[in-house]
Amino acid sequence: MRYISTRGQSAPQSFCDILLGGLAPDGGLYLPESYPQVSRADLDAWRKLSYAELAFAILSRFIDDIPAADLKAICDKTYTADVYGYVRDGAKASDITPVHWLEPGKLGLLELSNGPTLAFKDMAMQLLGNLFEYVLDKRGEEINILGATSGDTGSAAEYAMRGKHGVRVFMLSPHGRMSAFQRAQMYSLQDANIYNIAVRGMFDDAQDVVKAVSNDHAYKAKYKIGAVNSINWGRVAAQVVYYFKGYFAATESNDQQVSFVVPSGNFGNICAGHIARMMGLPVAKLILATNENDVLDEFFRSGVYRPRNTAETHATSSPSMDISKASNFERFVFDLVGRNGNAVRELWSKVDAGGAFDLSATPEFAAIGQYGFASGSSNHAARLATIRLADEKYATVIDTHTADGLKVALELRDPAVPTLVLETAQPAKFEETIVEALGRKPTRPAGLDNIEALPQRVEVMDVDAEAIKALIARTVEAG
Ligand SMILES: *Cc1c(COP(=O)(O)O)cnc(C)c1O
């Protein structure tokens, strides 16, 4: 399996080669040169598998440069009840991603947030931590991960990489914009290989610093800079697995279809759903839900992709979706325009210059229905109302991002098709808004009671790529 760039001008690479990098040299994102196809016999066989076995079955279709026995061992070590143990009462941790039914057989939450940081990003990141350590050990190399987070990516990366041999993590976060619990989770880590940097700006400013560093090819090579933000292909590949797992949990036979509703920001999660569908998983609809930052909803409704600037980006109560440019969206557009790298390069020459593009009059957009997308958006008042509704009608406390998903699910679902809302975080992470909605705090998983009181390690800096480069250089050179 070779990986090609969405902008068509970089040489094809193997999985392990792109695993440790970020963007392709031409500025594009990597995708497999074709999607592996899943047969009916595969689905029949896979239905019975445990999560770890299913992960191996699917990932081995994407990864052919790690020996099968080693990949299997990595999947077995990653997807354990120990790592994904923060389940709701009554759920089995060994299921890794249990379905919590709101309306039995009809409407459920696919629980993706039972990992160490209580958000779905653990699903992929824990695998990445083990893959990184394996590949770096084989090659006798080291890597310095530089990332930007609006909350959940950063903590998931840090919990996946803490203490890992050959890895340092430099994580940029927007100063003062994460919840107290999110800050405590990240900044309280005392592992010597984890460095937290809070920048005075928004998530997109932090992301721009990461891009600026990545574009300095000499620096990037000298200091072995790598990425784990949502453009990393390994993450998208790992996320494909739970769409299959959720499908099997919601159906009795492979003749049925399932719809998935995905609270979205950077388009990473739902991009994996798109790939699962392209592989042949019987998905009826992929329903995208945004918060007030509705750049993706706008595209699916109008054909116009218009990234916002910092001033136009709302700080919302579902902050992990406060994203104005959806970096993984380029992967879907590559498929939409017939995998034409030149066309993608032209579209993103407008985006990268701060502009927009409009596909509304193109035959490609006219045919977008074949990809199964639908979309909607939510806002603070709807979020609170949905959290209340879930509590009253379904006796289930949901987090703010999942609430945006459920809000759109209730509007757009086809009652004849089982619909799974991806539960992307646990309510304990967003306590302030749960109190606002319900007048009481959500229960916290045992062991996380006093996390805000722990000492924190963080450096506050300006949005200044050169200063941040100098900090990384000093740290790496000090050994
Ligand atoms: C990251 C995140 C999202 C958005 O996922 P994307 O892959 O960026 O679309 C939604 N909810 C939560 C809780 C998240 O952490």
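These numbers were taken from a predicted model, which means no experiment stands behind them.

Engineer: Would you take a moment to explain the packing of aromatic side chains for this structure?
Structural biologist: Each aromatic ring pair is characterised by the separation of its centres together with the angle its planes make. Taken as a whole and assessed by the stated rule, the structure comprises 29 aromatic pairs. Ring centres 5.4 Å apart and planes at 90° place the aromatic pair Phe332 and Tyr371 in the edge-to-face group. Of this pair, Phe332 sits in helix α13 (residues 329-336) while Tyr371 sits in the loop between α15 (363-366) and β13 (373-377), and the two are 39 residues apart along the sequence. Phe332 sits in the buried class, given a relative accessible area of 0%. For Tyr371, a relative accessible area of 10% puts it in the buried group. Its guanidinium or amino end placed over the ring of Tyr35, Arg339 lies 4.9 Å from that ring's centre, counting from NZ or CZ.

Engineer: Sorry if this is basic, but what is going on with the pairing of strand β14 (residues 419-423) here?
Structural biologist: If a strand is regular, its side chains alternate between the two faces of the sheet. Of all the five residues making up β14, five are buried; the element is thus mostly covered by neighbouring parts of the structure. Residues Thr419, Val421 and Glu423 of β14 are buried on one face, and the alternating residues Leu420 and Leu422, pointing to the opposite face, are buried as well. The pairing of strand β4 (residues 107-111) with β14 spans five bridges and is parallel. Bridge pairing in β14 links Leu110 to Leu422. Here strand β9 (residues 258-263) pairs with β14 via three bridges, running parallel. Note that in β14 the partner of Phe260 across the bridge is Leu420.

Engineer: Can you walk me through the site of the ligand in this structure?
Structural biologist: Around the ligand sit 15 residues, and of these Lys121, Asp152, Gly265, Asn266 and Asn269 come closest. Thr424 is positioned such that a nitrogen or oxygen atom in its side chain is 2.9 Å from a nitrogen atom of the ligand. With the chains in place, 97% of the 380 Å² that the ligand exposes on its own is no longer accessible. Put simply, the ligand lies in the largest cavity. Across the shell around the ligand, the residue classes break down as five nonpolar, eight polar and two charged.

Engineer: Help me out: how do you make sense of the environment of Tyr3 in this one?
Structural biologist: Examined against the element boundaries, Tyr3 turns out to sit in strand β1 (residues 3-5). The exposure class of Tyr3 is buried, given its relative accessible area of 0%. As for Tyr3 and Pro445, which are separated by 442 residues in sequence, their C-alpha atoms are 40 Å apart. Apart from the residues lying within four places of it in its own chain, the contact partners of Tyr3 are Ala11, Pro12, Gln13, Ser14, Phe15, Ile18, Tyr30, Leu31, Pro32, Phe62 and Trp233. Among the polar contacts made by the side chain of Tyr3, one reaches the main-chain carbonyl oxygen of Phe62 at a distance of 2.6 Å. A distance of 3.3 Å separates polar atoms of two side chains, one belonging to Tyr3 and the other to Trp233.

Engineer: What's the story with the nonpolar core in this structure? I'm lost.
Structural biologist: One recurring pattern in soluble globular proteins is that nonpolar side chains are buried together. By size, the foremost hydrophobic cluster in this structure holds 111 residues, and its most contacted members are Phe244, Phe260, Phe267, Phe299 and Phe329. Once residues within four sequence positions are removed from consideration, Phe260 is found in contact with Leu110, Tyr243, Tyr247, Leu281, Val283, Lys285, Leu286, Ile287, Leu420 and Leu422. Ranked by size, the runner-up nonpolar core spans 22 residues in total, among them Ile197, Val209, Tyr223 and Ile472.

How each quantity is defined
- Residues numbered from 1 in each chain as written.
- Predicted model: local features only at pLDDT ≥ 70, side-chain atom pairs only at ≥ 80, totals over all residues.
- Heavy atoms only, no water.
- Phe/Tyr/Trp six-rings, centres within 6.5 Å; stacked < 30°, edge-to-face > 60°.
- Helix = DSSP H or I, 4+ residues; strand = E, 2+ residues; numbered from the N terminus.
- Buried < 20%, exposed > 50% of the residue type's maximum accessible area, 1.4 Å probe, protein only.
- Lys NZ or Arg CZ within 6 Å of the ring centre and 35° of its normal.
- Pairing = 2+ DSSP bridges.
- Near = heavy atom within 4 Å.
- Polar contact = N/O pair within 3.5 Å; in protein donor to acceptor, adjacent residues only side chain to side chain.
- Areas by Shrake-Rupley, 256 points an atom, 1.4 Å probe, with all protein chains shown as cover.
- 1 Å grid on protein atoms, 1.4 Å probe; cavity = no way out; pocket = protein on both sides within 12 Å on 5 of 7 lines; lining within 4 Å.
- Sits in = over half its atoms within 2 Å of the grid points.
- Nonpolar A, V, L, I, M, F, W, Y, C, P; charged D, E, K, R; others polar.
- Contact = heavy atoms within 4.5 Å.
- Core = buried A, V, L, I, M, F, W, Y, C linked by side-chain atoms within 4.5 Å.

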